[in-house]
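Next come the chains, spelled out residue by residue.
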Amino acid sequence: MLEAKHLHKSYTLKEKNGWLSRRKQQIKAVNDLSLTIEKGEIIGLLGVNGAGKTTTIKMLSTLLAPTSGTISIDGINAVKQPELIKRRVNMIAGGERMLYWRLSARENLMYFGRLYGLNGNTLKQRCRALIDKVGLTEFADRPVERYSKGMKQRLQIARGLINDPDYLFLDEPTLGLDAPVARQLRVLVKSLAKEKNKGILLTSHYLEEVEELCDHVSIIEKGHLLLQGTPRRIIQTIVKDRSLIVVMKTLDKENWHWLKQETDKLGIHAQKKETNEGTRVDMKATFDMTSSFLALAQKRNLQLIRFDAKKPNLEDAIIRLTEVHD
Amino acid sequence: MWIAFSATFKRQLITMRRAYPWSFFIGHILDGVYITIFAYLSYHFIFQGQLNTQFVSYTGTSDYLSYVIMGGVFNSFAVSLLMIVSRMLINEMREGTLEALLLTPSSRLGYFLGAAIQGLMRSGIEWLAIICVGLFFGLNLVAAHLALLLPIMIVLCFALFAQALVLGGFMLAFRDTYITQNTLFVIMTLVSGVSFPPQFLPDWIQGLSLIMPLYYGLELMRSVMTHAAPSSDILYHLLSLSTLGILYFAIGLLFMKRMEKSVLEKHFG
Ligand SMILES: Nc1ncnc2c1ncn2[C@@H]1O[C@H](COP(=O)(O)OP(=O)(O)OP(=O)(O)O)[C@@H](O)[C@H]1O
Ligand SMILES: [Mg+2]
């Protein structure tokens, strides 16, 4: 288990004010953040730009020392024994960095593998297996500078797995990938957690991805934890409104008045709008109104052309959450 | 340490074979050749073979051309080795691989040594090329104290390696390679007795030669390769060079460690 407790990180920024004088400024990037990752679990770390996600990941992967707080990974203190921790974790960031462009995929993996103390046939086999896994077999001996963005990103995933880490931190891993590649990546991430029993921390601005993959989500703002829970619970607690949109060929005045009265009784807020498709009724309520509305429609035999019940998603939750805090 | 050493050595070898830095290579050779030709021309056409008597008393030789050509040979060797080692980490930073490297539990010393030993292959070729050119322009090699040649070379390489660590630390601190390295190289070439003995310089500048491995290296190499000198002088200089190397080494390792941390703290992205 990875346990981070009361993490703080401040950066010191020196700003020029005047010709030679400089003013020191402290930026609290992470402020009293605690989180745990179990093996086999995928945790999502969400927050707007500058919330402190990358900083948190860099602390967990030993690149940055926390200003205060503790990180322990399977009982080892990460701040005191970073050398031991480095063998058990790895980090993958989105974008095209963290690879040697002059080297081929195989040479990159061989180099990093050696730095982790692997050698001989073990190393060769692992490199081959990883190259296969990320689908770069054909291009394995071509220099990385001639790769496309997606290929570089896939190679980065392989690099992140070269030491077979127990915990893997992914900082916006699907940034700039096209849909099929991003999807392959999600499948891979899921299997790493569920089949290989790795603990995974994921940050992403694509909320569907987080909703699909993560067992638990932590939402942070200005380095501080706002909310923690399963994606479903977060959505339930934050987004109270549900909406239902129906379109009917016609809806006469009398039926509309009746519908309005009935929905009011149920606590549904309904609005009518004429569109070229037909008459559209937008309904909002704090509960799932599908069945109640269908019952009403049947009573008056209303002919529906379209019926859209929109389920709230994590995106709505985040938007709502940030609205509240602004 | 061995692991990081051999891994980095191999990596650098592949990189060199794939994209040989011809411009650096030729640049370094030309630097040495320019010093040689410049000395040759000024000796024959400006001084007309006349030497300042002070020169003879400072250097113990009247063979000016050999003196200068040796200076050019070892100056470009030193510049080449210093550049190869000192730019390693800042290059990783610029290419975006620094974090991936620091994520691994590998020895930084092994990493630098791997780069240095591989770099010696390159610097060594340059060194030989300049010596060959020098032979045409009046470099007289003699085989005095030949047994000392190898130990001197090893100690000199170690001291230059250690100096490169300190230089690399400054590069990370200033986020700059060009100005930082060239400031050092200008001073180094001036005070280390490359084309004239440092005794010609004002005292306060002359003192700087004492912290330049190249200065001791040149004294030693000239005594061993061009004219015989008493072996007690050789031992004294060899000892000074070793001490200086160890000093640079200790400072360089600590400074590098600090700068590495500070770069991670201050580097956005
Ligand atoms: N090296 C640094 N020096 C000073 N301030 C920094 C540094 N790195 C990050 N910050 C600041 O710390 C805060 C958190 O940054 P961080 O990169 O962790 O955010 P993030 O959640 O990853 O954002 P994004 O979604 O844009 O990637 C920001 O206000 C940022 O400006
Ligand atoms: Mg970030």
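Rules of the game
- Residues numbered from 1 in each chain as written.
- Chains lettered and ligands numbered in written order.
- Predicted model: local features only at pLDDT ≥ 70, side-chain atom pairs only at ≥ 80, totals over all residues.
- Heavy atoms only, no water.
- UniProt positions renumbered as here; feature names shortened; annotations may be inferred.
- Phe/Tyr/Trp six-rings, centres within 6.5 Å; stacked < 30°, edge-to-face > 60°.
- Lys NZ or Arg CZ within 6 Å of the ring centre and 35° of its normal.
- pLDDT = per-residue confidence, 0-100.
- Helix = DSSP H or I, 4+ residues; strand = E, 2+ residues; numbered from the N terminus.
- Contact = heavy atoms within 4.5 Å.
- Buried area = accessible area lost by both parts, 1.4 Å probe.
- Salt bridge = Lys/Arg side-chain N within 4 Å of Asp/Glu carboxyl O.
- Polar contact = N/O pair within 3.5 Å; in protein donor to acceptor, adjacent residues only side chain to side chain.
- Nonpolar A, V, L, I, M, F, W, Y, C, P; charged D, E, K, R; others polar.
- Near = heavy atom within 4 Å.
- Areas by Shrake-Rupley, 256 points an atom, 1.4 Å probe, with all protein chains shown as cover.
- Axes fitted to C-alpha atoms, helices over the stretch in contact; angles between N-to-C directions.
- Parallel < 35°, antiparallel > 145°, perpendicular 65-115°, else oblique.
- Left-handed = near helix turned anticlockwise from the far one by under 90°.
- Core = buried A, V, L, I, M, F, W, Y, C linked by side-chain atoms within 4.5 Å.
- Buried < 20%, exposed > 50% of the residue type's maximum accessible area, 1.4 Å probe, protein only.
- Domains from an automatic or database assignment.

If you look chain B up in an unreviewed UniProt entry, it shows as Transport permease protein from Sporolactobacillus nakayamae. Of the comments in the UniProt record for chain B, the one headed Sequence similarities (unreviewed entry) reads "Belongs to the ABC-2 integral membrane protein family."

If you check an unreviewed UniProt entry, chain A appears there as ABC-2 type transport system ATP-binding protein from Sporolactobacillus nakayamae. Comment text from UniProt for chain A, heading Sequence similarities (unreviewed entry), reads "Belongs to the ABC transporter superfamily."

**Q** I'd love a proper account of the packing of aromatic side chains, names of residues and values included.
**A** In the structure shown here, the tally under the stated rule is 19 aromatic pairs over all chains. One aromatic cluster is present, built from ring pairs that chain together B:Y43, B:F55, B:Y64 and B:Y67. Taking NZ or CZ as reference, A:K152 lies 4.1 Å from the ring centre of A:W101, over its face.

**Q** Can you break down the confidence of the model for chain A residue by residue, with the values?
**A** For chain A, per-residue confidence averages 89 on the pLDDT scale, and 99% of positions sit at 70 or higher. Looking at the elements of chain A, mean pLDDT is at its lowest for helix α11 (residues 314-325) of chain A, recorded as 72, and at its highest for helix α3 (residues 105-115) of chain A, recorded as 97.

**Q** Any chance you could break down the interface of chain A and chain B for me, citing the residues and the numbers?
**A** Tallying the contact residues gives 29 residues for chain A and 26 residues for chain B. When chain A packs against chain B, close to 2,800 Å² is buried across both sides, 61% of that on carbon and sulfur atoms. The tally of links between chain A and chain B comes to three salt bridges. Linking B:E99 and A:K58 is a salt bridge whose minimum nitrogen-to-oxygen distance equals 3.3 Å. One can count ten residue pairs in polar contact (both at pLDDT 80 or more) joining chain A with chain B. When contributions to the side of chain A that touches chain B are tallied by element, the ones reaching two or more residues are β1 (2-16), α1 (53-60), α2 (82-88), β6 (89-93) and α3 of chain A. Broken down by element, the residue count for the side of chain A that touches chain B peaks at five residues, all from α3(A). Here the residues of the side of chain A that touches chain B are counted per class, giving 14 nonpolar, five polar and ten charged.

**Q** How would you summarise the site of ligand 1 if you had to cite specific residues and measurements?
**A** In the vicinity of ligand 1 there are 18 residues, among which A:G50, A:K53, A:T54, A:T55 and B:E265 approach most closely. Residue neighbours of ligand 1 fall on chains A and B, so the site bridges chains. A:T54 is positioned with one of its side-chain polar atoms (N or O) 2.6 Å from an oxygen atom of ligand 1. When ligand 1 is considered free in solution it has 640 Å² of accessible area, and contact with the protein chains removes 78% of it. Elements represented by at least two residues in the shell around ligand 1 include exactly β1, β2 (22-37) and α1 of chain A together with α12 (231-266) of chain B. Of all the elements, α1(A) adds the most residues to the shell around ligand 1, at three residues.

**Q** Pulling in residues and values, what's your account of the packing of helix α2 (residues 22-46) of chain B against helix α4 (residues 64-86) of chain B?
**A** Residues and elements named next belong to chain B. One can describe the packing of α2 onto α4 by two numbers: an axis separation of 9 Å at closest approach and a directional angle of 160°. One way to sum up the angle between α2 and α4 is to call them roughly antiparallel. Here α2 runs over α4; the crossing is right-handed. On α4, the residues touching F24, H28, G32, I35, T36, A39, Y40, Y43 and H44 of α2 are Y64, L65, V68, I69, G72, N75, S76, V79, S80 and M83.

**Q** I'd like a description of the UniProt feature "transmembrane region" (unreviewed entry) in chain B, backed by residues and values.
**A** Residues and elements named next belong to chain B. In the numbering used here, UniProt assigns the feature "transmembrane region" (unreviewed entry) to residues 20-44, 64-85, 127-146, 152-172, 184-201 and 234-256. Regarding residues 152-172, the helix share stands at 100% and the strand share at 0%, and the terminal C-alpha atoms are separated by 30 Å. Annotated as residues 184-201, this span is 44% helix and 0% strand, and its ends, taken at the C-alpha atoms, are 17 Å apart.

**Q** Describe in detail the nonpolar core, supporting the description with residues and values.
**A** Core analysis: the biggest nonpolar cluster contains 170 residues, and A:L60, A:L155, A:F169, B:F74 and B:F112 have the highest contact counts within it. Three or more residues apiece are contributed to this core by two domains, here domain 1 (2-237) and domain 2 (240-325) of chain A. In this structure A:F169 touches A:L2, A:I37, A:I57, A:L60, A:S61, A:V89, A:N90, A:M91, A:I92 and A:L201, once residues within four positions along its chain are discounted. Counting 17 residues, the second largest nonpolar core, distinct from the first, contains A:L251, A:W258, A:V281 and A:L302.

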